[in-house]
Protein chains: 2
Amino acid sequence: MRENYTLQRLYIDDPLSARARIELSREAAHYLTKVIRKSEGDFVRLFNGESGEWRAVIETVSKKSAALVVQEHLRGPAPTSDVTLLFAPVRKHRTAFIIEKGTELGVRNFQPVLTARTQFPRLNVEKARLQAIEAAEQTERLDVPEINPARPFLDVLGDWGDTPILFADEAGEAEPARDACAKLFAPLAILIGPEGGFTEAEREELRAMKNVYPVTLGPRILRADTAAVALLSVWQSVSGDWGWAWSRKGV
Amino acid sequence: MRENYTLQRLYIDDPLSARARIELSREAAHYLTKVIRKSEGDFVRLFNGESGEWRAVIETVSKKSAALVVQEHLRGPAPTSDVTLLFAPVRKHRTAFIIEKGTELGVRNFQPVLTARTQFPRLNVEKARLQAIEAAEQTERLDVPEINPARPFLDVLGDWGDTPILFADEAGEAEPARDACAKLFAPLAILIGPEGGFTEAEREELRAMKNVYPVTLGPRILRADTAAVALLSVWQSVSGDWGWAWSRKGV
């Protein structure tokens, strides 16, 4: 139903099913009335990773609370591909950017890693989760990515399994990104280093791993946030879910 | 010479040649002393699109002025590929983001276009130029992209020549981005619509042009700034200058 597609979306942490009654938090009620300016009888879409997307009608709404009744099942559930983004936290607004863009580009797990040269090791997981929810609401995905607490980089490598790691390598010789992306399918991880690059010790750990694929992103030095968005885009385009002709006409 | 590669870079609007003496503006002198904390006798790299990149030594420097003497020619000139980004201006920080990331991703010309649904039509060309210069300094490119004043979208299409336009099409059926990118080489333009999409009249103009290639960027709705970065990345990776193995060892 085309008109459903234009309805605004809210992420709801509870299970959704036909005729379920959903009480919104105070923040969500404020968003509903003051930001997207909805009132009783209006429709929205509700979604989460387990229940997919549903149309709901607003039953009661005030500045402080709102209740919705779930009606029709519209889509899913359909989790995004199993893509993990391993990234060193950067300045606050650039980390926010990585969370927003990564969510749009289909990251399922964000794993902040603390490397020797990570200059901004603090990452507010709860805030990042809210940024991811907002981005997921905008981007029509049916699940919200997981934000993991930051961990030391070498610890993450130490208990890493067989999942391939596409590594945006700014130094040394590396394969063009499109060629490595063409060989690798989900589950996979994309690894972006800190602004100052990896240390020689960290690079040695990476080189010792069989499932690490260093790739080049061309002749210009990219900021860490740019590299994350760029490599995610190339992988999605070459081997991810951008690979066939999409049409939204039927949604 | 490996050590030259670590020297910080300054864009200089004047011709550069061996033994030329370069006087910096007050702002640039402030940047040199207070931000990158250089003093007399230190080296930096100077560059512009016509002269390429040179090593220079700081002869005199104060908070208000500085003079450098150009020494050794290091690289270029080497203009980036002829890629134009046609984009509708968005909120200020998102336009800044498009300029920064577009510069890192090798845009040669930024052409803001005013579509019917463009909500933030004002774009400060001089400010955007400073953002582009800063991004060019960071990203190791040898030229600085051109920022054109915003023009009505249909006027831009009206006097457009034969250059192919890769069009990030969020509605309707379109070819996967990687397939269209594989067919198109520079000169080309990448077109990103406004957040609200194009009107039917604008879409008809686009459809009437033979050199417009609509492409899809997958099943998730991307913000305009994300779409710009994503499509630039895919094109650079598939058909642009990321296409062979780069090594910075020799720089």
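Residues numbered from 1 in each chain as written. Chains lettered and ligands numbered in written order. Predicted model: local features only at pLDDT ≥ 70, side-chain atom pairs only at ≥ 80, totals over all residues. Heavy atoms only, no water.

1. Side note on the overall build of chain A
Okay, step 1: Along the backbone of chain A there are eight helices and 13 strands.
Okay, step 2: Considering chain A as a whole, with its 251 residues, one finds that 56% of them fall into the buried category.
Okay, step 3: Expressed as a percentage of contacts within chain A between residues at least 6 apart in sequence, the contacts between residues at least 24 apart total 74%.
Okay, step 4: Of the accessible surface of chain A, which amounts to about 11,100 Å², a share of 50% is contributed by carbon and sulfur atoms.
Okay, step 5: If the 33 positive side-chain charges of chain A are averaged to one point and the 35 negative ones to another, these points end up 6 Å apart. (Helix = DSSP H or I, 4+ residues; strand = E, 2+ residues; numbered from the N terminus. Buried < 20%, exposed > 50% of the residue type's maximum accessible area, 1.4 Å probe, protein only. Contact = heavy atoms within 4.5 Å. Areas by Shrake-Rupley, 256 points an atom, 1.4 Å probe, with all protein chains shown as cover. Lys, Arg positive; Asp, Glu negative; His and termini not counted. Charge placed at Lys NZ, Arg CZ, Asp CG, Glu CD.)

2. Focus on helix α4 (residues 125-139) of chain B
One full turn of an α-helix is made of 3.6 residues, so residues set three or four places apart face in the same direction.
Residue and element names in this part refer to chain B.
Okay, step 1: Taking 1.5 Å as the rise per residue, α4 with 15 residues should run 21 Å; its terminal C-alpha atoms sit 21 Å apart, in good agreement.
Okay, step 2: Three or more residues of α4 are buried, namely Ala 128, Ala 132, Ile 133, Ala 135, Ala 136, Glu 137 and Thr 139.
Okay, step 3: Contacts from the buried residues of α4 go to β1 (9-11), β3 (43-48), α3 (92-104) and β8 (146-147).
Okay, step 4: Two or three places before Glu 126, at the start of α4, stands the capping residue Asn 124, its side-chain oxygen 3.1 Å from that residue's backbone nitrogen.
Okay, step 5: Among the residues trailing α4, Glu 140 stands out with phi positive, at a value near 70 degrees. (Expected span 1.5 Å × (residues − 1). Polar contact = N/O pair within 3.5 Å; in protein donor to acceptor, adjacent residues only side chain to side chain.)

3. Points about helix α2 (residues 26-35) of chain B
All names here are of chain B.
Okay, step 1: Those residues of α2 that sit buried are Ala 29, Leu 32 and Thr 33. Across the axial projection of α2, the buried residues extend over an arc of 85 degrees, all falling on one side.
Okay, step 2: On its buried side, α2 packs onto β1, β2 (21-24), β3, β4 (52-61) and β5 (66-75).
Okay, step 3: Looking one or two residues beyond α2, the residue adopting positive phi is Arg 37, at roughly 55 degrees. (Arc of directions from axis to C-beta.)

4. Side note on the domain arrangement of chain A
Residues and elements named next belong to chain A.
Okay, step 1: Each assigned domain of chain A is listed with its residue range as follows: domain 1 (2-75) and domain 2 (83-238).
Okay, step 2: Averaged C-alpha coordinates put domain 1 and domain 2 at centres separated by 33 Å.
Okay, step 3: On the side of domain 2, nine residues touch domain 1, which itself brings twelve residues to the contact.
Okay, step 4: When the two sides are added together, the surface that domain 1 and domain 2 hide from each other amounts to roughly 880 Å², 52% of it contributed by carbon and sulfur.
Okay, step 5: With a closest N to O distance of 2.8 Å, Arg 45 and Glu 140 form a salt bridge.
Okay, step 6: At the level of secondary structure, the elements contributing two or more residues to the side of domain 1 that touches domain 2 comprise β1 (9-11), β3 (43-48) and β4 (52-61).
Okay, step 7: Of the residues assigned to the side of domain 1 that touches domain 2, the class counts are four nonpolar, three polar and five charged. (Domains from an automatic or database assignment. Buried area = accessible area lost by both parts, 1.4 Å probe. Salt bridge = Lys/Arg side-chain N within 4 Å of Asp/Glu carboxyl O. Nonpolar A, V, L, I, M, F, W, Y, C, P; charged D, E, K, R; others polar.)

5. Overview of the pairing of strand β13 (residues 212-216) of chain A
Residue and element names in this part refer to chain A.
Okay, step 1: As judged from the four bridges shared by strand β10 (residues 165-168) and β13, these two strands associate in the parallel manner. Bridging across to β13, Ile 165 finds its partner in Val 212.
Okay, step 2: Pairing of strand β11 (residues 175-176) with β13 involves two bridges; the strand directions are parallel. Residue pairing across strands places Pro 176 opposite Thr 216, the latter belonging to β13. (Pairing = 2+ DSSP bridges.)

6. Considerations on the environment of A:Gly193
Residues and elements named next belong to chain A.
Okay, step 1: Its location among the elements puts Gly 193 in the loop between β12 (188-192) and α7 (200-208).
Okay, step 2: On a C-alpha basis, the gap between Gly 193 and Val 229 in space is 13 Å, while along the polypeptide they are 36 residues apart.
Okay, step 3: Setting aside residues no more than four positions away along its own chain, Gly 193 makes contact with Ala 88, Phe 198 and Ala 224.

7. Considering the relation of the copies chain B and chain A
Okay, step 1: Under the fitted operation, chain B is carried onto chain A by 0.0 Å of movement along the axis and a turn of 180 degrees, and the coordinates agree to an RMSD of 0.0 Å. In symmetry terms, the pair is related by a two-fold rotation axis. By C-alpha distance to the rotation axis, the residue of chain B lying nearest is B:Val234, at 2.5 Å. (Least-squares fit on C-alpha atoms with pLDDT ≥ 70 in both.)

8. Quick word on the nonpolar core
Okay, step 1: Among the nonpolar cores identified, the biggest contains 74 residues, and A:Leu85, A:Leu166, A:Leu231, B:Leu85, B:Leu166 and B:Leu231 are the most heavily contacted of them.
Okay, step 2: Core analysis: the next-biggest nonpolar cluster, separate from the first, contains 19 residues, A:Ile12, A:Ala20, A:Ile22 and A:Val44 among them. (Core = buried A, V, L, I, M, F, W, Y, C linked by side-chain atoms within 4.5 Å.)

9. Some words on unusual backbone geometry
Okay, step 1: Residue A:Pro77 is reached from A:Gly76 by a cis peptide bond, and omega for that bond is 10 degrees.
Okay, step 2: Relative to the elements of secondary structure, A:Pro77 occurs in the loop between β5 (66-75) and β6 (83-87).
Okay, step 3: Here the bond from B:Ala186 into B:Pro187 is cis, since omega is 0 degrees, no more than 30 degrees from zero.
Okay, step 4: Mapped onto the elements of the fold, B:Pro187 is located in the loop between α6 (177-183) and β12 (188-192).
Okay, step 5: Not every positive phi belongs to a glycine, and B:Arg19 is a case in point at roughly 70 degrees.

10. What about the packing of aromatic side chains?
All names here are of chain B.
Okay, step 1: In total, this model carries nine aromatic pairs over all chains according to the counting rule given.
Okay, step 2: Note on Tyr 11 and Phe 47: the rings are 5.8 Å apart at their centroids and 65 degrees apart in plane angle, and the pair reads as edge-to-face. In this pair, Tyr 11 sits in strand β1 while Phe 47 sits in strand β3, placing the two residues 36 residues apart along the sequence. We note that Tyr 11, like Phe 47, is buried. (Phe/Tyr/Trp six-rings, centres within 6.5 Å; stacked < 30°, edge-to-face > 60°.)

11. Some words on the sheet that holds β5(B)
All names here are of chain B.
Okay, step 1: In spatial order, the strands read β1-β3-β4-β5-β2; together these five strands make up an open sheet with mixed pairing. Strands with a single pairing partner mark the edges of an open sheet, and in this sheet they are β1 and β2. On average, each strand axis in the sheet is tilted by 40 degrees relative to the strand beside it, whichever way the strands run.
Okay, step 2: When β3 meets β4, the two strands line up antiparallel, connected through six bridges. Bridge pairing links Leu 46 to Trp 54 in β4. (Axes fitted to C-alpha atoms, helices over the stretch in contact; angles between N-to-C directions.)

12. Observations regarding the sheet that holds β5(A)
All names here are of chain A.
Okay, step 1: Judged by pairing direction, the sheet is mixed, and its five strands sit side by side in the order β1-β3-β4-β5-β2 without closing on themselves. Here the strands that pair on one side only, and so sit at the sheet edges, are β1 and β2 (21-24). Direction aside, neighbouring strands of the sheet carry axes that sit 40 degrees apart on average.
Okay, step 2: Looking at chain direction, β4 and β5 are connected through seven bridges and run antiparallel.

13. Points about the packing of α3(B) against helix α8 (residues 224-238) of chain B
All names here are of chain B.
Okay, step 1: Their axes nearest at 9 Å, the elements α3 and α8 cross at an angle of 10 degrees. Looking at the two axes, α3 sits roughly parallel to α8. Across the interface between the two elements, Arg 94, Phe 97, Ile 98, Lys 101 and Gly 102 from α3 touch Asp 225, Val 229 and Leu 232 from α8.
Okay, step 2: Class assignment for the residues of the contact of α3 with α8 results in four nonpolar, one polar and three charged. (Parallel < 35°, antiparallel > 145°, perpendicular 65-115°, else oblique.)

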